[in-house]
Amino acid sequence: MSTKLRPKVPCDCKKCNGKLVDTRTRKKHYEEEKQFQSSMKKGKEKENRSRSDSVDSSYSSQVL
């Protein structure tokens, strides 16, 4: 019985910081970081919308 040797590649995620890891590990870390970035972007968009809504409502009450 033989085992398949997988190549080691550098992983530049925050956890690994350039260490050599299995290709599957790098792919997993890349997906996790991509998901994190996406959630951060959505959070900022939501925050910006709520800020603009509050600015709009305060402006509307001043105009009236």
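Up top is the structure these notes are about.
Scope of this entry: the structure provided in the associated data block. These figures come from a predicted structure and were not determined experimentally. (Residues numbered from 1 in each chain as written. Predicted model: local features only at pLDDT ≥ 70, side-chain atom pairs only at ≥ 80, totals over all residues. Heavy atoms only, no water.)

1. Quick look at the overall build of the chain
Cut-off, in case you're wondering: A run of DSSP states H or I qualifies as a helix once it reaches four residues; a run of E qualifies as a strand once it reaches two. Both are numbered from the N-terminal end. The buried label goes to any residue with under 20% of its type's maximum accessible area, the exposed label to any with over 50%, and the partly exposed label to all in between, with areas taken from a 1.4 Å probe on protein chains only. Where accessible areas are quoted, they stem from the Shrake-Rupley method and a 1.4 Å probe; at the residue level, only the protein chains shown are allowed to cover.
Across its full length, the chain holds one helix and two strands. Listing each helix as α and each strand as β along the chain from the N terminus yields β-β-α. Out of the 64 residues belonging to the chain, those deemed buried represent 11%. A total of about 6,100 Å² of accessible surface is found on the chain, and carbon and sulfur atoms cover 53% of it.

2. A short note on the side chain of His29
Selection criterion: Throughout, a residue-residue contact means that at least one pair of heavy atoms, one from each residue, lies within 4.5 Å.
Examined against the element boundaries, His29 turns out to sit in helix α1 (residues 23-63). Under the relative-accessibility criterion, His29 is labelled buried at 10%. In contact with His29, other than residues within four places in its own chain, are Cys11, Cys13, Lys15 and Cys16.

3. Focus: the pattern of salt bridges
Just so we agree on the cut-off: For this analysis, a salt bridge means a side-chain nitrogen from Lys or Arg found within 4 Å of a carboxyl oxygen belonging to Asp or Glu.
For the structure on display, the rule yields three salt bridges. The partner of Lys15 in a salt bridge is Glu32, with the nearest N and O atoms 3.1 Å apart. Linking Lys15 in the loop between β1 (8-10) and β2 (20-22) with Glu32 in helix α1, this pair joins segments that are 17 residues apart in sequence. The exposure class assigned to Lys15 is exposed, which follows from its relative accessible area of 59%. You can call Glu32 partly exposed: its relative accessible area is 32%.

4. Concerning unusual backbone geometry
Negative phi is the rule for most residues except glycine; trans is the rule for most peptide bonds. Here Asn17, not a glycine, exhibits a phi torsion of approximately 55°, which is positive. Within the secondary structure layout, Asn17 lies in the loop between β1 and β2. For Asn17, a relative accessible area of 67% puts it in the exposed group.

5. Considerations on the side chain of Asp22
With respect to the secondary-structure elements, Asp22 resides in strand β2. The exposure class of Asp22 is buried, given its relative accessible area of 14%.

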